[in-house]
Amino acid sequence: MQSIKRVAARALFTGAMAVFGINPAWALLPIEHWTQPSGAQVWLVQSPSLPMLDVRVDFDAGKRRDPAPQAGLAEAVALMASKGVQAGKVNGQDEAPLDENALGAAWADLGANFGAAAGDDALHYSLRSLTEPALLERAVRLAARQIGTPSWPEDVWQRERARWSASIKEAHTRPGTLAEEAFATAVYGSHPYGYHATEESLARIGVADMVAFHARYLAPCRARVSLVGAVTRAQADALVATLLSRLPTPPQGCAPLPPVPEVTPLAAAKEIKIPFASAQAHVLIGQPGIARRDPDFLALLVGNHILGGGGLVSRLTEEVREKRGLSYSVYSQFNPGLHAGAFVVGLQTRPDQAAQAVQVAQDVLRRYVAQGPTEAELRAAKDNLIGGFALRIDSNSKLLANVANIAWNDLPLDYLEQWTKKVQALTVADVRAALQRKLQPERMVTVIVGGQP
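Residues numbered from 1 in each chain as written. Predicted model: local features only at pLDDT ≥ 70, side-chain atom pairs only at ≥ 80, totals over all residues. Heavy atoms only, no water.

Peer 1: How should I be thinking about the environment of Q356 in this particular structure?
Peer 2: Relative to the assigned elements, Q356 resides in helix 12 (residues 354-371). Taking the C-alpha atoms as reference points, Q356 and R128, 228 residues apart in sequence, are found 49 Å from one another. Not counting the four nearest positions on each side in its chain, Q356 is found in contact with R324 and L326. (Helix = DSSP H or I, 4+ residues; strand = E, 2+ residues; numbered from the N terminus. Contact = heavy atoms within 4.5 Å.)

This is how it looks when you write it as structure tokens:
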């Protein structure tokens, strides 16, 4: 077992904590990291102030691993985690199978929460429980059964697939859904980030496909486990081993999974207009952006805050809403993942104003990428982001999200400690150069749903 690495996340921003009344103890909690003999990697923050524990278990089994004809497979695996577990045996005692109703009752009796979800990159399981020893042990063992030995009931999958298909059909009556799907397809091309579940793709997913997906991608050696709560390192180590104990070790060893191709940059601008009878036209403008590990991430976080991520004080809001009244709200954001997630500018406007709103937004973006922010804009953005940073770690669940981000993206253990220092050090030139490296306003996709011809 590797030696434990400790990096103290010291005082992040003492002044902001004082302003917001945040207990500075949050800033002093160390992150511990080690690898178990099984290959599972563990990140722990011991937070003894409350008798609670939050756990997140991530696997490289998100939607990027879906076969194109079976888009939705990873989400289906996550969905079925709560629909029943197989019979088992622990310490010589038989465990009865549990259906979805029995599972719900068991978690209610424990006063604990367990869930599963699949995002673009990861399939993750989450557990929250009191740390009273008897309750925690039962919660961990029940969670282990759902992670490792779901029962995959055929009748339940048929029911859930019908519900899911109906919700997809209903979603396509909304212009926002059509805009998002057209945008994703145009920006990502054949990359899995552009996949979306359809009635047809769900019809191709059977129980056998979910079982095979689970067996291929979920193993102790592939787990990244983040914990925040009132447990010691020894307790956390034992707890993680139990959580993953129902997953088999791959017979061929933990060979690297096949690489997923990167997102292909756009070669040219593209405009997509979709007719739709709606009171508001939905507009999305963008391109492939950055991966989360990109060294420009913080510069682009600050730069985007000024452009359209800062709410009512952003450039886009000033030009599109305040000066021209073209939209109630307008925003921009990066969506980084293991691959280049989309950069997007979004707004809604009257159909007869859609062309003007698009032109104004494109002009603002083009000028901003060329010139960068002003010194005053950069100073205000730093003050806002740094001033609010303490609020991102003022609870176990928020801190867990930050620890899981560090774990999943291989960020330094002192990432939180260094965050404010690195943001504060950014210059106008840094932000402008990052914007120019990553954004190409002349080669973006524009999707308009519901605009007048």
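What follows picks up the thread again.
Peer 1: What am I meant to see in the pattern of salt bridges here?
Peer 2: Proximity of charged atoms lets side chains of opposite charge pair with each other. Going through the model one piece at a time under the given rule, you end up with 29 salt bridges. Between R65 and D60 there is a salt bridge whose closest N-O contact spans 2.9 Å. Of the two residues, R65 and D60, neither departs from the other in class, the shared state being buried. Connected via shared salt-bridge partners are K83, E100, R159, E160 and R163. (Salt bridge = Lys/Arg side-chain N within 4 Å of Asp/Glu carboxyl O. Buried < 20%, exposed > 50% of the residue type's maximum accessible area, 1.4 Å probe, protein only.)

Peer 1: When you look at helix 13 (residues 375-389) in this model, what are you seeing that I'm missing?
Peer 2: Residues spaced three or four apart along an α-helix point in a common direction, a consequence of the helix completing one turn every 3.6 residues. Here helix 13 spans 21 Å end to end across 15 residues, near enough to the 21 Å set by a 1.5 Å rise per residue. Regarding helix 13, the residues found buried are L378, A381, K382, L385, I386, G387 and F389. (Expected span 1.5 Å × (residues − 1).)

Peer 1: I would appreciate a short explanation of the sheet that holds strand 12 (residues 270-274) in the present structure.
Peer 2: Sheet architecture is open: five strands sit in the order 12-16-13-15-14, paired in mixed fashion. The sheet is open, and its two borders are formed by strand 12 and strand 14 (330-334), each paired with just one other strand. Averaged over all pairs of adjacent strands, the angle between their axes in this sheet comes to 15 degrees, without regard to strand direction. One ladder, built from nine bridges, connects strand 13 (residues 281-290) with strand 15 (residues 341-349); its direction is antiparallel. Looking at the pairing, G286 lines up with V344 of strand 15. Against the sheet, helix 12 makes contact with strand 13, strand 15 and strand 16 (445-449), and its axis sits at roughly 140 degrees relative to strand 15, the strand it touches most. (Pairing = 2+ DSSP bridges. Axes fitted to C-alpha atoms, helices over the stretch in contact; angles between N-to-C directions.)

Peer 1: Where do I start with unusual backbone geometry in this structure?
Peer 2: The phi torsion of most residues other than glycine is negative, and most of the peptide bonds are trans. Even without glycine at this site, W152 takes up a positive phi of about 50 degrees. Mapped onto the elements of the fold, W152 is located in the loop between helix 4 (133-148) and helix 5 (154-171). On the accessibility criterion, W152 (10% relative accessible area) is buried. Located in the positive-phi region is D410, a residue other than glycine, with phi close to 55 degrees. You can see D410 is positioned in the loop between helix 14 (396-408) and helix 15 (415-425). On the basis of relative accessibility, which here comes to 44%, the residue D410 falls in the partly exposed class.

Peer 1: Would you mind showing me how to read the nonpolar core here?
Peer 2: One broad trend across soluble globular proteins is that nonpolar side chains are buried collectively. Counting residues in hydrophobic clusters, the biggest one holds 58 residues, and the most contacted among them are F343, L399, I406, Y415, W419 and L439. The greatest single-element share of this core, amounting to nine residues, is contributed by helix 12. With 56 residues, the next largest nonpolar core counts I147, A197, I205 and L218 among its residues. (Core = buried A, V, L, I, M, F, W, Y, C linked by side-chain atoms within 4.5 Å.)

Peer 1: In this structure, what is going on with the packing of aromatic side chains? I would like to understand it.
Peer 2: Two numbers describe a pair of aromatic rings. These are the distance of the centres and the angle of the planes. All told, the structure shown has seven aromatic pairs when counted by the stated rule. With centroids separated by 6.0 Å and ring planes inclined at 20 degrees, the aromatic side chains of F114 and Y125 adopt a geometry described as stacked. Placement of F114 in strand 9 (residues 113-118) and of Y125 in strand 10 (residues 123-130) is noted, with a sequence separation of eleven residues between them. With 4.3 Å between their ring centres and 10 degrees between their planes, F389 and W419 make a pair best called stacked. Highlighted residues: F389 in helix 13 and W419 in helix 15, separated in sequence by 30 residues. (Phe/Tyr/Trp six-rings, centres within 6.5 Å; stacked < 30°, edge-to-face > 60°.)

Peer 1: Sorry, what's going on with the pairing of strand 13 here?
Peer 2: Taken residue by residue, a regular strand's side chains alternate between the two faces of the sheet. Taking burial as the measure, the ten residues of strand 13 include ten buried ones, the bulk of the element. Sheet topology note: the strand 13/strand 16 ladder contains five bridges and is antiparallel. Residue pairing for strand 16: L284 is matched across the bridge by V447.

Peer 1: What exactly am I supposed to notice about the confidence of the model for the protein here?
Peer 2: Where the model shows low pLDDT, its predicted coordinates should not be examined in detail. Per-residue confidence for the protein averages 93 on the pLDDT scale, and 94% of its residues sit at or above 70. Counting contacts from residues 1-28, a segment whose pLDDT is below 50, to residues more than four positions away or on other chains yields 65 contacts. (pLDDT = per-residue confidence, 0-100.)

Peer 1: Explanation requested: the state of the cysteines in the structure shown.
Peer 2: What is meant by a disulfide is a covalent connection between two cysteines, made through their sulfur atoms. Per the stated rule, a full pass over the model turns up one disulfide. C221 shares a disulfide with C254; S-S distance 2.2 Å. Between C221 and C254 the disulfide shows an S-S torsion of about 90 degrees. By sign, it is right-handed. Here C221 is found in the loop between helix 8 (207-217) and strand 11 (224-229), whereas its partner C254 is found in the loop between helix 9 (233-243) and strand 12, with 33 residues between them in sequence. (Disulfide = S-S within 2.5 Å.)

Peer 1: Looking at this structure, how should I read the environment of A144?
Peer 2: With respect to the helices, strands and loops of the structure, A144 is situated in helix 4. Using a relative accessible area of 1% as the deciding quantity, one classes A144 as buried. Along the chain, A144 and R246 lie 102 residues apart, while their C-alpha atoms are 6.2 Å from each other. Those residues within four positions of A144 in sequence are excluded, and the remaining contacts are T149, T242, L243 and R246.

Peer 1: For this particular structure, what's the right way to read the packing of helix 12 against helix 16 (residues 428-438)?
Peer 2: Helix-helix packing is described using two parameters, namely the angle between the two axes and the distance between the axes. Where helix 12 meets helix 16, the axes come as close as 7 Å, and the angle between the chain directions of the two elements is 125 degrees. Compared by their axis directions, helix 12 and helix 16 come out oblique. In this structure, helix 12 uses Y368, V369, A370 and Q371 to contact helix 16, whose residues at the interface are V431, R432, L435 and Q436. Partitioning the contact of helix 12 with helix 16 into residue classes produces five nonpolar, two polar and one charged. (Parallel < 35°, antiparallel > 145°, perpendicular 65-115°, else oblique. Nonpolar A, V, L, I, M, F, W, Y, C, P; charged D, E, K, R; others polar.)

Peer 1: In this structure, what is going on with the pairing of strand 15? I would like to understand it.
Peer 2: Buried residues dominate strand 15, accounting for eight of its nine residues. As judged from the five bridges shared by strand 14 and strand 15, these two strands associate in the antiparallel manner. In the strand pairing of strand 15, F334 is matched with F343. Counting the residues that bridge the hairpin from strand 14 to strand 15 gives six residues.

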